[in-house]
Amino acid sequence: MIQKTFILIKLTFSFLLFVTLNNFVIAQSGTIKGKIFDSKTDEPLIGASVVIEGTNIGAAADLDGNFVISNAPAGKHKLVASYVSYSPMTKTDVEVRGNQTLTVDFPMSPDDMLLKEVEIVARANRESENILLMEQRQALVATQAVGARELSRKGIGDAQAAVAQISGISRQEGVKNVFVRGLGDRYNSTLLNGFPIPSEDPEYKNISLDFFGTDIIQSIGVNKVFKGSDHSDVGGAIINIKSKEFVGGYDLSFDISGGLNVSTIGSDFIRSAGSNILGFANNSHPTDGMYDFANSLDPKAVSAPINHSFGISGGKQFRLGKYSNPLSIFAVITHGSDYSYTEEIARNTNTAGTVWQEQKGDKYTSSVTQLGLANINYLIRNKHNIQYNFMLVHDNNQYIGEYSGYNSERYQDSPNYIGFLRRQQTNDNLLLVNQLLTDWSLNKKLNLNAGVSYNSVKGMEPDRRENYLSQIDGNNYIFTGSNRQKRFFSGLKNNDINVKAELVYKLQDKYNTKNSEVKAGYIVRFVNDKFESIEYNFSAVSGIYSLDDLLLDNLYNQTNYADGKFKMTKGEPNTYSVNKYVHSPFVEASYQLLSNLSANVGFRVDIVDMMVNHKVQHVAPGRESIKKNYYLPSLNFKYDINSKNSLRFGASKTYTLPQSKEISPYQYVNVSFVSQGNPHLKPSDNYNIDLKWDFFISTAEILTVTGFYKHILNPIGRVDEGNSAGLLTYNNIASFATVAGVEIEFRKNLFNKFNTALDKTNRLSVGINASYIYTNTKLNILNTEERNSMLEGASPFLANIDLSYSYKIKEKDLTSSLIFSYFSDRIYTIGAKTFKNIIEEGVPTLDFASSYKFCKNLAIKLNIRNLLNASYKLTRESTKGKELLNEFKKGQNISLGINYNL
């Protein structure tokens, strides 16, 4: 206690000293603020730069065209505003006084003849929607992005929910991560600041996107079109999360929020024992020959399942050396807890519609997360940049499921096959990321970009507890035999090292566009996965028991074990390990062929060496390997029809490796299914074509239409084997599959009124994106009749609509958004043998988010998610008609938060 008090005093003293020194510096300087806008249309010029001439001090205009230069030195200065294709504007004799704020506006005029490069000394804030839209407009290769401000406006809490707002992307309930153009986890790749991130879960290739809370996200880029320098184990999209970095002079912010899931009210909420207040789980195994498990079998009651979170973020920029080189430091720390409760139906039938499982369950889910991020960025003479990123993500997600009802496969001790299951599962995951990146301007034409990352993941499932009881009659039950009382420990440890280096040589084209260059580089990735699981099985304790007063710890304990009232057996460890080496040399060239036509051509070689060693029960130990060289060409064109319209074309070849879990024959048992890998899986080859039209209506408005086509050789899918154990496995389901579709995105201000003199803005905007996705393949699965089928997870129709209102006057700012999403029916799992496909039925969702900023320091936020609370359903056709397999509702989430910014 004394030590904790001492640490708290030290932190408080350090904070007060920091604030005191900062206030002293601010007192010797002032603030310059204002607005940069088009002199003809009054539209804000998002991303325009303002600098104090002769210094590196400046700022970039934000979403509304506003800029703020903090800590401007006292005295008279000359301000220069710059923006691409606009004439620079200068304001002279701008006098700054200590500890005062000066307002300077820049009504800028377009210069259609001005095509020379504008050097923006101030770093643009890529959290802004409009800055990202500007970059999308300038990019040669088609890309899409969502920034931190859009996430905040829509009340989006994590990266998974964020990318699901982009056209052609959807989430599938019960499956981590997203589907892009109908292609699931194995066909996508997740990067952090351009480096791959490994998965924390052996069931998945990509790390769960809901790990990444919006507190640490600057922007998320989604590339569905590929080029030579891109990661190539992909068919759907590369999702690149850009972590936050500091832009500005000084910032310190505090956030706190509280809320609840409406369904938890009156639910008598329970959670598993074995995790501390921060969510770190006890993973202790029992002593050999002893029943001394560290965690209780009986759940703990939660009196107030209130969702809450709090966080602190701050940054500061320093000027070093005679050139005033900017050094920026930024850090974020957050903590949060969430609770939810669902009533669930779990059913299974055979082809004839005969039910072999029909249970109702109560599922209590809770999570505890911590996020930590640190970013250090040093810019040397505006030519050389060095950046270090550190990130820690800890996530404890657990649930207790209590299921009662009929199950002919698991309750054979009951005369009527009725029983009760309590399943307690905890997933405790820890991710550590270290990244060092550098950009060096070797001369006017030659740049060196290099970086290294080291990622460490520990994904633990400690002490999963399963207890089955079979009904004798009424409320009288016996413990089920045949190894139906279990405790289970598993862990995945992953080390992932990435090194990359590239040289970029600027070429001179006759149009002086600065778009022409040649890029050559080399990327190396080494991945090591180690997975181990151990199962403890217990015989049934004799006796008849009631569910009303069931206390498992009174029955399964060391005393009863020593007295021989039950037996315990420890299974042999199930293990597999994966070593994957990928060497990737590449070359890429971009060139301005005509004044309105540019091209990008690339060639990449991926030398893949992947080895899986497995030793699992019921299967002979084995070793599977994939050694292959992939030769991957790419071609992209951009044609500017005029200043507002562009066409982009892309063609490329990529590939998809099976996931580690998919080619290891390890079995994972869940409530309604068992999944098992297939060591005979082959990789997929992907051929991709895209054609995209962009109409940039204004700096904040856009209309895009995209057509795409994919030809996939040896597509991989999850397959229901059609037996009473509910076995799912993975197959190359056909010789090839076709994926095609159209995506439409539209953003428009319905009205946009502002008064510069009063610093007043009044705006209503709408965003719409919709996708039609066609997928088809002819199934070629053993003992299964050939038939045409869509791909797993592919919804034919997707739609997202958001309506946002913003009213701002001086420092007061109200923003409210209504967000609607919908996906149509899609395949959850492909049916084999005589079984039909399992279908996830379409679900509409509606969310509301609102924030109000009272002044520059204080804001309040309200989020209401899942207003419609629609049912999630899995169904399958049988000879008797449509059979319901699973149904539940997630409940509405309501949260209220406060942000205070010093």
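Every value quoted in this text rests on a predicted model; they were computed, and no experiment measured them.

## Quick notes on the overall build of the protein chain
Stage number 1. A tally of regular secondary structure across the protein chain gives five helices and 50 strands.
Stage number 2. C-alpha extents for the protein chain along the principal axes are approximately 90 × 65 × 45 Å.
Stage number 3. Taken over 902 residues, the protein chain has a buried fraction of 54%.
Stage number 4. Taking all contacts inside the protein chain whose residues are at least 6 apart in sequence as the whole, residues at least 24 apart take part in 70%.
Stage number 5. As presented, the protein chain carries roughly 38,300 Å² of accessible surface, and 57% of it is formed by carbon and sulfur atoms.

## With respect to the packing of aromatic side chains
Stage number 1. Summed over all chains, the structure comprises 26 aromatic pairs.
Stage number 2. Judged by centre distance (5.4 Å) and plane angle (70 degrees), the rings of Phe479 and Tyr545 are edge-to-face. In this pair, Phe479 sits in strand β25 (residues 476-479) while Tyr545 sits in the loop between β27 (517-538) and α5 (558-562), placing the two residues 66 residues apart along the sequence. You'll find Phe479 and Tyr545 in the same group, each marked buried.
Stage number 3. Aromatic side chains Phe526 and Tyr581 sit 4.7 Å apart centroid to centroid with 35 degrees between the ring planes, which places their arrangement in the tilted category. A residue pair is termed long-range when its members are at least 10 positions apart, and Phe526 in strand β27 and Tyr581 in strand β29 (residues 574-594) qualify at 55 residues.
Stage number 4. Through a chain of ring-to-ring contacts, three or more aromatic side chains come together here, namely Tyr291, Phe293, Phe479, Phe489, Tyr536, Phe538, Tyr545, Tyr556, Tyr561 and Phe566.

## Details of empty space enclosed by the protein
One water molecule sets the probe size; rolling that probe over the atoms shows where empty space is left.
Stage number 1. The final tally for this structure, using the stated rule, is 10 cavities of 30 Å³ or more.
Stage number 2. Size it by volume and the largest cavity reaches roughly 100 Å³.
Stage number 3. Lining the largest cavity are 15 residues, and of these Gln144, Arg181, Lys692, Thr706 and Glu743 sit closest to its centre.
Stage number 4. Of all the elements in the fold, those that place two or more residues in the lining of the largest cavity are β35 (684-698), β36 (701-713) and β39 (736-755).
Stage number 5. For the lining of the largest cavity, the leading source of residues is β39, giving three residues.
Stage number 6. Its residues placed into classes, the lining of the largest cavity shows four nonpolar, five polar and six charged.
Stage number 7. A volume near 80 Å³ is recorded for the second largest cavity.
Stage number 8. In terms of lining, the second largest cavity is formed by 14 residues, of which the most central are Arg186, Tyr187, Ile716, Leu791 and Glu792.
Stage number 9. For the lining of the second largest cavity, the per-class residue count stands at nine nonpolar, three polar and two charged.

## Some words on the nonpolar core
Looking at soluble globular proteins, one finds that nonpolar side chains tend to be buried together.
Stage number 1. In this structure, Met610 and Ile733 are the most contacted members of the largest nonpolar core, which totals 44 residues.
Stage number 2. If you list the elements that add at least two residues to this core, you get β26 (485-506), β29, β30 (597-615), β31 (622-640), β36, β37 (716-720), β39 and β44 (826-831).
Stage number 3. If we skip the residues at most four places from it in the chain, Met610 touches Val578, Asn579, Lys580, Glu624, Ser625, Ile626, Leu657, Pro658, Ser660 and Ile663.
Stage number 4. Ranked by size, the runner-up nonpolar core spans 31 residues in total, among them Ile207, Val222, Phe246 and Val332.

## Some details on the pairing of strand β19 (residues 307-320)
Side-chain positions along a regular strand alternate between the two faces of the sheet.
Stage number 1. As judged from the 10 bridges shared by strand β16 (residues 250-261) and β19, these two strands associate in the antiparallel manner. Paired with Ser253 across the strands is Ser313, a residue of β19.
Stage number 2. With antiparallel pairing between neighbouring strands as the criterion, β19 and strand β20 (residues 325-349) make up a hairpin whose turn holds four residues, including Gly321 at a positive phi of roughly 75 degrees.

## A closer look at the confidence of the model for the protein chain
Stage number 1. Per-residue confidence for the protein chain gives a mean pLDDT of 86; residues scoring 70 or more make up 91%.
Stage number 2. When the criterion is pLDDT under 50, residues 1-27 qualifies, and its contacts beyond four places in sequence or with other chains add up to 10 contacts.
Stage number 3. Here residues 112-123 is a poorly scored stretch, pLDDT under 50, and it has 25 contacts once near neighbours within four places are set aside; other chains count.

## Notes on the sheet that holds strand β9 (residues 144-147)
Stage number 1. Pairing in this open sheet of five strands is mixed, and the strands run β9-β14-β15-β12-β13 from one edge to the other. Bordering the open sheet on either side are β9 and β13 (195-196), each of which pairs with just one other strand.
Stage number 2. Pairing geometry for β9 and strand β14 (residues 217-223), over four bridges, is antiparallel. Residue pairing across strands places Gln144 opposite Val222, the latter belonging to β14.

## Points about the pattern of salt bridges
Should the charged atoms of two oppositely charged side chains come close, the side chains can pair.
Stage number 1. Taken as a whole, this structure holds 32 salt bridges when the rule is applied.
Stage number 2. Residues Lys486 and Glu535 are paired through a salt bridge, measuring 3.0 Å at the closest nitrogen-oxygen approach. A residue pair is termed long-range when its members are at least 10 positions apart, and Lys486 in strand β26 and Glu535 in strand β27 qualify at 49 residues.
Stage number 3. Looking at Lys486, the relative accessible area reads 16%, which means it is buried.
Stage number 4. Taking the shortest distance from any N to any O, the salt bridge between Arg648 and Asp694 comes out at 2.5 Å. Placement of Arg648 in strand β32 (residues 645-656) and of Asp694 in strand β35 is noted, with a sequence separation of 46 residues between them.
Stage number 5. Judged by its relative accessible area of 3%, Arg648 is buried.
Stage number 6. Judged by relative accessible area, which is 0%, Asp694 ranks as buried.
Stage number 7. One connected set of salt bridges, linked through shared partners, spans Arg181, Lys224, Asp690 and Glu743.

## Some remarks on a positive patch on the surface
Stage number 1. Residues Lys322, Arg381, Lys383 and Lys444 make up a contiguous surface patch of positive charge.
Stage number 2. One can find Lys444 in the loop between β23 (418-441) and β24 (446-473).
Stage number 3. Assessed through its relative accessible area of 85%, Lys444 is described here as exposed.

## A few points about unusual backbone geometry
Stage number 1. The phi dihedral of Asn193 is positive, around 55 degrees, even though this residue is not glycine.
Stage number 2. Assignment of secondary structure puts Asn193 in the loop between β12 (189-192) and β13.
Stage number 3. Residue Asn193 is classed as buried on the basis of its relative accessible area, which comes to 8%.
Stage number 4. In this structure, Asn869 takes a positive phi of about 50 degrees despite not being glycine.
Stage number 5. In this fold, Asn869 is placed in the loop between β47 (858-865) and β48 (872-878).

## Observations regarding the pairing of strand β43 (residues 812-823)
Stage number 1. Looking at chain direction, strand β42 (residues 797-809) and β43 are connected through 12 bridges and run antiparallel. Each residue of the ladder has a partner; that of Asp802, found in β43, is Ile819.
Stage number 2. Between β42 and β43, which pair antiparallel one after the other, the connecting turn spans two residues, and Lys810 there sits at a positive phi close to 55 degrees.
Stage number 3. Judged from the 11 bridges that link them, β43 and strand β46 (residues 843-853) form a sheet pairing that is antiparallel. Opposite Thr815, over in β46, you have Ser851 as the bridge partner.

## Comments concerning the side chain of Ser167
Stage number 1. If you trace the backbone, Ser167 turns up in the loop between α4 (159-163) and β10 (169-171).
Stage number 2. The class of Ser167 is buried, set by a relative accessible area of 3%.
Stage number 3. Discounting residues that sit within four places of it in the chain, Ser167 has contacts with Gln144, Lys224, Glu743, Ile744, Asn769 and Ser771.

## Side note on the side chain of Glu517
Stage number 1. Mapping Glu517 onto the fold places it in strand β27.
Stage number 2. What makes Glu517 buried here is its relative accessible area of 17%.
Stage number 3. A polar side-chain atom of Glu517 sits 3.1 Å from a polar atom in the side chain of Lys506.
Stage number 4. The residues contacting Glu517, other than those within four sequence positions of it, are Val504, Tyr505, Lys506, Leu507, Glu588, Ala589 and Ser590.

## Re the sheet that holds strand β6 (residues 86-96)
Stage number 1. The sheet built from four strands is open, its strands ordered β3-β2-β5-β6 with antiparallel pairing. Looking at which strands have only one partner, the edges of the open sheet turn out to be β3 (58-60) and β6. Here the strands of the sheet are splayed against their neighbours by 15 degrees on average, with no regard to which way each runs.
Stage number 2. Here strand β2 (residues 49-52) runs beside β3; their pairing, made up of three bridges, is antiparallel. Following the sheet pairing, Ser49 is matched in β3 by Ala60.

## Quick look at a nonpolar patch on the surface
Stage number 1. Taken together, the side chains of Phe254, Ile256, Phe310, Ile312, Ile333, Phe854, Leu858, Ile898, Tyr900 and Leu902 define a hydrophobic patch exposed on the protein surface, amounting to about 870 Å² of accessible area.
Stage number 2. Every element with two or more residues in the nonpolar patch is listed here: β16, β19 and β50 (893-901).
Stage number 3. With respect to the element layout, Ile256 can be found in strand β16.
Stage number 4. Given a relative accessible area of 51%, Ile256 falls into the exposed group.

Cut-offs applied
- Residues numbered from 1 in each chain as written.
- Predicted model: local features only at pLDDT ≥ 70, side-chain atom pairs only at ≥ 80, totals over all residues.
- Heavy atoms only, no water.
- Helix = DSSP H or I, 4+ residues; strand = E, 2+ residues; numbered from the N terminus.
- Buried < 20%, exposed > 50% of the residue type's maximum accessible area, 1.4 Å probe, protein only.
- Contact = heavy atoms within 4.5 Å.
- Areas by Shrake-Rupley, 256 points an atom, 1.4 Å probe, with all protein chains shown as cover.
- Phe/Tyr/Trp six-rings, centres within 6.5 Å; stacked < 30°, edge-to-face > 60°.
- 1 Å grid on protein atoms, 1.4 Å probe; cavity = no way out; pocket = protein on both sides within 12 Å on 5 of 7 lines; lining within 4 Å.
- Points joined across faces, edges and corners; volume = space filled by probe spheres on them.
- Nonpolar A, V, L, I, M, F, W, Y, C, P; charged D, E, K, R; others polar.
- Core = buried A, V, L, I, M, F, W, Y, C linked by side-chain atoms within 4.5 Å.
- Pairing = 2+ DSSP bridges.
- pLDDT = per-residue confidence, 0-100.
- Salt bridge = Lys/Arg side-chain N within 4 Å of Asp/Glu carboxyl O.
- Patch = residues over 30% accessible without salt bridge, like charges linked within 9 Å, V, L, I, M, F, W, Y side chains within 5 Å.
- Lys, Arg positive; Asp, Glu negative; His and termini not counted.
- Charge placed at Lys NZ, Arg CZ, Asp CG, Glu CD.
- Polar contact = N/O pair within 3.5 Å; in protein donor to acceptor, adjacent residues only side chain to side chain.
- Axes fitted to C-alpha atoms, helices over the stretch in contact; angles between N-to-C directions.

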